[in-house]
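# Remarks on the overall topology
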Amino acid sequence: MKRLIITAILCAAATGLFAQTDSTGTHKHKKGYTFSIGNETHADSSRHGRKATGFSIGLTFSRFDIGLATLIDNGSFTLSPKNQFLNYRSWKTSNVGFDVFQFGYRFSSGFKLYLSAGFDWTHIRLRNNITIQKDADMSQLHYTTDAIDYSKNRFSSSYLRIPLSFDFRSHDDARGKRFHFVAGPDIGILLNGRVKQISDENGKQKFNDDYHYTKLRYGAFARIGYDNLGIYTKYYFNDMFDTEAQKGLKNLSLGLTLGF
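Residues numbered from 1 in each chain as written. Predicted model: local features only at pLDDT ≥ 70, side-chain atom pairs only at ≥ 80, totals over all residues. Heavy atoms only, no water.

What follows covers the overall build of the protein chain. Helix and strand content of the protein chain: two helices and 12 strands. Helices (α) and strands (β) of the protein chain occur, in sequence order from the N terminus, as α-β-α-β-β-β-β-β-β-β-β-β-β-β. For the protein chain, restricting intrachain contacts to residue pairs at least 6 apart in sequence, the fraction spanning at least 24 positions comes to 67%. (Helix = DSSP H or I, 4+ residues; strand = E, 2+ residues; numbered from the N terminus. Contact = heavy atoms within 4.5 Å.)

What follows is the structure, encoded as structure tokens:
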């Protein structure tokens, strides 16, 4: 995941090299990466806070989310006895994600609709010295209890995220900045699951499998912020796992977001 994040940052930086600025400080489109279709009459945003309507499509590095993830077990923040093996460290169970592609239409200076695609990870930091097993049994998650004291025992999922964003924006203030409120539906396609463990006995170990994470998840999100910094929340309506024993176990995330 670290390599993917670094690559995305470098791609975003490289894209920025193609942006040109004229003598009045107005930014032109990034050549080879984005283009727009629509009204070409741009108003002076420094005085009016208005932007041209029209379509836009291109690569991006935005809506970088980092926050805490919480498991909700049939409406409760406390895990049921059958799911106690997933007991986790709340302040080390995290959600990270960002968008890399965007296609949208600006209806006005105050409203934009766009579909984007990116990556999203949920890292569950387990308290117990267990190993979640690769298993074809769809009735429940299986695990072994290990005679090892893990310094890190992380159970993770990674998804391709595809949110549809309704972006409501205020007019630019005296500093040329604006408030954002963004909300919409979000679907995710499973890329893989992973168990990562660190111990004195075995060093660092990684095991990849789908671990019965749901293949297609769906939910909703909301973001609110000022300029490029804000907060976000995401909640998925369907279960985290496809197993019968974990039915009703869902995922809620809350944290900081950078870029709108």
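The structure having been displayed, the exposition proceeds.
This part is about the pattern of salt bridges. In a structure, side chains of opposite charge can pair up when their charged atoms sit close to one another. Summed over the entire model, instances satisfying the criterion amount to 14 salt bridges. For Arg-217, the salt bridge is made with Asp-120, and the minimal N-O distance between the two is 2.9 Å. One end of the pair, Arg-217, is in strand 10 (residues 216–226); the other, Asp-120, is in strand 4 (residues 111–125), with 97 residues separating them in the sequence. Via salt bridges that share partners, Arg-63, Asp-65, Asp-99, Asp-120, Arg-161, Arg-217, Arg-223 and Lys-234 belong to a single interconnected network. (Salt bridge = Lys/Arg side-chain N within 4 Å of Asp/Glu carboxyl O.)

The next point concerns the nonpolar core. One finds Leu-86, Ile-124, Ile-132, Phe-155, Tyr-213 and Phe-241 to be the most contacted residues of the largest nonpolar core, which totals 19 residues. Where this core is concerned, the elements lending two or more residues are strand 5 (130–132), strand 7 (152–169) and strand 8 (179–199). Ignoring sequence-local partners within four residues, the contact set of Tyr-213 consists of Ile-124, Phe-155, Ser-156, Ser-157, Tyr-159, Leu-190, Gly-193, Met-240, Phe-241 and Asp-242. (Core = buried A, V, L, I, M, F, W, Y, C linked by side-chain atoms within 4.5 Å. Buried < 20%, exposed > 50% of the residue type's maximum accessible area, 1.4 Å probe, protein only.)

The grouping of Ile-66, Phe-166, Phe-168, Phe-181, Ile-224, Ile-231 and Leu-256 at the surface amounts to a nonpolar patch, some 650 Å² of accessible area in total. Summarising the element assignment, Ile-231 is placed in strand 11 (residues 229–236). With relative accessibility at 46%, the residue Ile-231 sits in the partly exposed group. (Patch = residues over 30% accessible without salt bridge, like charges linked within 9 Å, V, L, I, M, F, W, Y side chains within 5 Å. Areas by Shrake-Rupley, 256 points an atom, 1.4 Å probe, with all protein chains shown as cover.)

Sheet topology places strand 2 (residues 54–73) next to strand 12 (residues 249–258); 10 bridges connect them, and they run antiparallel. Across the sheet, the residue bridging to Gly-67 is Gly-255, located in strand 12. For strand 11 and strand 12, the ladder comprises seven bridges, and the chain directions are antiparallel. Residue Gly-230 lies in a different strand from strand 12, and its bridge partner there is Thr-257. (Pairing = 2+ DSSP bridges.)

Before going further, it helps to examine the confidence of the model for the protein chain. Averaged over all residues, the pLDDT of the protein chain equals 86, while 80% of them reach at least 70. Predicted confidence for residues 3–49 stays below pLDDT 50, and this span has 55 contacts to residues more than four positions away or in other chains. (pLDDT = per-residue confidence, 0-100.)

Right, let's get into the side chain of Arg-217. With a relative accessible area of 5%, Arg-217 lands in the buried category. Among the polar contacts listed, one links the side chain of Arg-217 to the side chain of Tyr-236, at a separation of 3.2 Å. Those residues within four positions of Arg-217 in sequence are excluded, and the remaining contacts are Asp-120, Thr-122, Tyr-159, Asp-186, Ile-187, Gly-188, Tyr-236, Asn-238 and Asn-251. (Polar contact = N/O pair within 3.5 Å; in protein donor to acceptor, adjacent residues only side chain to side chain.)

It is worth spelling out the environment of Gln-197 at this point. Within the secondary structure, Gln-197 sits in strand 8. Along the chain, Gln-197 and Lys-152 lie 45 residues apart, while their C-alpha atoms are 5.4 Å from each other. Discounting chain neighbours no more than four positions away, the residues touching Gln-197 are Ile-130, Thr-131, Asp-146, Tyr-150, Lys-152, Asn-153, Gly-203, Lys-204, Gln-205 and Phe-207. A distance of 3.3 Å separates the side chain of Gln-197 from the side chain of Asn-153, its partner in a polar contact.

Now for empty space enclosed by the protein. Here the structure, examined in full by the defined rule, presents one cavity of 30 Å³ or more. The space that makes up the largest cavity amounts to roughly 80 Å³. Forming the boundary of the largest cavity are Thr-122, Ser-157, Tyr-159, Tyr-213, Thr-214, Arg-217, Tyr-236, Asn-238, Asp-239, Met-240 and Asn-251. Within the lining of the largest cavity, the residues separate by chemical class into four nonpolar, five polar and two charged. (1 Å grid on protein atoms, 1.4 Å probe; cavity = no way out; pocket = protein on both sides within 12 Å on 5 of 7 lines; lining within 4 Å. Points joined across faces, edges and corners; volume = space filled by probe spheres on them. Nonpolar A, V, L, I, M, F, W, Y, C, P; charged D, E, K, R; others polar.)

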